[in-house]
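Below are the chains, spelled out letter by letter.
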Amino acid sequence: MIQRLTSLFDRRPRTAEDWLARMRRPTVPARDQAAFLDWLEKDDNLSAYETAKARLAGLAPLAGAFEGDLARLRGRKPANTGRRILIGGLATSAVAAIAVLMILPGLGPQSADKGAVVYASAPGEITDLALEDGSRVTLDADSQIRVRFEDDARRVVLLRGAAYFDVVHNPARPFQVAVADRNVIVTGTRFTTTLRRNRAEVSLLEGRVAIGRHDVGKRRSLDHAVMLAPGQKAVFTPGLDRVHLSRPDVESATAWRERRLIFHDAPLSDVIAEAARYADRPMVIADPALAKTRVTVVLPLTGQVGLIDRMDDLLPISIERTSDGRALIRAD
């Protein structure tokens, strides 16, 4: 243990475990980032790093975990290369999510302020984690939440992206997720929240939630709140009062948490816009008329075949990878 702790303060980590500890610190100097990339390129260090991460987590090898580290260092989306770390059977049920964000003793995710912790997923990476109360969260690609558990309530803030929650029932200590200027208050349920651009969404799969403007710690926190029933979706714009309720296919709309995208009679433009968050390069539709083509498709987000190649195979399109790094989409 002493050796592990002192590795945090070494000028240059020497082992895979040392580097794992160093890269989990809240801030990593540019000098260490460059040294880490150099170290990965030597000998069998990539494999050693992957093995150390799996051993410390106590799980199977982590899909996309190494890529997420490099993406954060290089400031780009993970690439579909032969060096990608893969895991079979990654799709998980909503009730039995797998926690893959495990931390060294004494080291946690980034601290936002006293008592609060920030969790984030890299672009192109979906991340499962377990909170200290046993509730489970799945972060969609390029998403971030801030978590603070207090005596009166469990409070989470969706900072960006989307997150799926499977909340442990505890009526004495309700669970609240702040999304834009609203609070989603629950005691135990399954739901997703999304915050992108100027639009917020809450989709309820099981249980009940209330969407309002008051903090759960207030005496009348549910005053003027909108109640959701299973299968309902709420959409609202920050700053406006109206909350629009609908009953879409919620399971399909939240299928990303099981590492797949499902589209029913959707415009190709919607498919491309959603898939772009998981692809390794920008996708551009060459023919504007093609964007209106309606398609029904299921796109897996795991496996050895990249998402763009799957789309090329499953949709009535042809995709050309251009020299400027784009994926140009034309009618097949």
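Our subject is the structure listed above.
Given the structure is predicted, the values throughout are model-derived calculations rather than measurements. (Residues numbered from 1 in each chain as written. Predicted model: local features only at pLDDT ≥ 70, side-chain atom pairs only at ≥ 80, totals over all residues. Heavy atoms only, no water.)

Colleague: Explain the overall build of the protein here, please?
Modeller: What the protein contains, in helices and strands, is 8 helices and 19 strands. Put simply, 52% of the contacts in the protein that link residues at least 6 apart link residues at least 24 apart. Accessible surface, the protein: about 16,600 Å² in total, of which carbon and sulfur atoms supply 50%. (Helix = DSSP H or I, 4+ residues; strand = E, 2+ residues; numbered from the N terminus. Contact = heavy atoms within 4.5 Å. Areas by Shrake-Rupley, 256 points an atom, 1.4 Å probe, with all protein chains shown as cover.)

Colleague: Which parts of the structure should I look at to understand the pattern of salt bridges?
Modeller: Pairs may arise between side chains of opposite charge once their charged atoms sit close together. Applying the stated criterion across every chain yields a total of 23 salt bridges. K233 serves as the salt-bridge partner of E201, at 3.5 Å between the closest nitrogen and oxygen. With a gap of 32 residues between them, E201 in strand β10 (residues 199-206) and K233 in strand β13 (residues 233-236) connect regions that are remote in the sequence. Considered together, E201 and K233 belong to a single accessibility category, that of buried residues. Its salt-bridge partner being R330, residue E320 comes within 2.8 Å of it at the nearest N-O pair. One end of the pair, E320, is in strand β18 (residues 317-321); the other, R330, is in strand β19 (residues 327-331), with 10 residues separating them in the sequence. With a relative accessible area of 37%, E320 lands in the partly exposed category. Assessed through its relative accessible area of 37%, R330 is described here as partly exposed. One network of salt bridges, in which partners are shared, links D140, R196, E274 and R277. (Salt bridge = Lys/Arg side-chain N within 4 Å of Asp/Glu carboxyl O. Buried < 20%, exposed > 50% of the residue type's maximum accessible area, 1.4 Å probe, protein only.)

Colleague: Is there a simple way to explain helix α7 (residues 268-275) in this structure?
Modeller: Since the α-helix packs 3.6 residues into each turn, any two residues three or four apart lie on the same face. When α7 is considered as a whole, its buried residues turn out to be L268, V271, I272 and A275. An end-on view of α7 places all buried positions within 95 degrees of arc, on one side of the element. (Arc of directions from axis to C-beta.)

Colleague: Is there a simple way to explain the pairing of strand β6 (residues 154-166) in this structure?
Modeller: For a regular strand, side chains alternate in direction, first toward one face of the sheet and then toward the other. Taking burial as the measure, the 13 residues of β6 include 10 buried ones, the bulk of the element. Looking at chain direction, strand β4 (residues 136-139) and β6 are connected through 4 bridges and run antiparallel. The residue bridging R136 from the neighbouring strand is D166, located in β6. With 6 bridges connecting them, strand β5 (residues 144-149) and β6 associate as antiparallel partners. The residue bridging R146 from the neighbouring strand is V157, located in β6. Where β6 lies against strand β9 (residues 190-196), 6 bridges are found, and the strand directions are antiparallel. When the sheet's bridge partners are listed, G161 is paired in β9 with L195. (Pairing = 2+ DSSP bridges.)

Colleague: Teacher, can you tell me more about the packing of aromatic side chains here?
Modeller: Each pair of aromatic rings is reported with the distance of its centres and the angle of its planes. This model, assessed by the stated rule, comprises 3 aromatic pairs. Aromatic side chains F149 and F175 sit 6.4 Å apart centroid to centroid with 75 degrees between the ring planes, which places their arrangement in the edge-to-face category. You can see F149 sitting in strand β5 and its partner F175 sitting in strand β7 (residues 175-179), a full 26 residues away along the chain. The pair formed by F149 and F175 is uniform in burial state, with each residue classed as buried. Consider the rings of F165 and F175, whose centres lie 5.9 Å apart with planes at 65 degrees: the pair is edge-to-face. Of this pair, F165 sits in strand β6 while F175 sits in strand β7, and the two are 10 residues apart along the sequence. Per residue, the accessibility class of F165 equals that of F175, and both read buried. (Phe/Tyr/Trp six-rings, centres within 6.5 Å; stacked < 30°, edge-to-face > 60°.)

Colleague: So what exactly am I meant to see when it comes to the sheet that holds strand β16 (residues 283-285) here?
Modeller: Backbone hydrogen bonds hold the strands of a sheet together, and the pairing may be parallel or antiparallel. The mixed open sheet is built from 3 strands, whose spatial order is β16-β19-β18. Edge positions in the sheet fall to β16 and β18, since each of these pairs with one other strand and no more. Between one strand and the next, the sheet's axes are offset by a mean angle of 30 degrees, whatever the strand orientation. The sheet contact formed by β18 and β19 spans 5 bridges and is antiparallel. Bridged to I317 within β19 is A331. Here α7 sits on the sheet in contact with β16, β18 and β19, set at roughly 170 degrees to β16. Here helix α8 (residues 307-314) sits on the sheet and contacts β16, β18 and β19; the angle it forms with β18, its principal contact strand, is near 150 degrees. (Axes fitted to C-alpha atoms, helices over the stretch in contact; angles between N-to-C directions.)

Colleague: In this structure, what is going on with the pairing of strand β14 (residues 243-246)? I would like to understand it.
Modeller: Bridge analysis of β13 against β14 gives 4 bridges, and the strand direction is antiparallel. Directly across from A234, in β14, lies its bridge partner L245. Connecting the antiparallel pair β13 and β14 is a turn made up of 6 residues, with G239 showing a positive phi of about 95 degrees.

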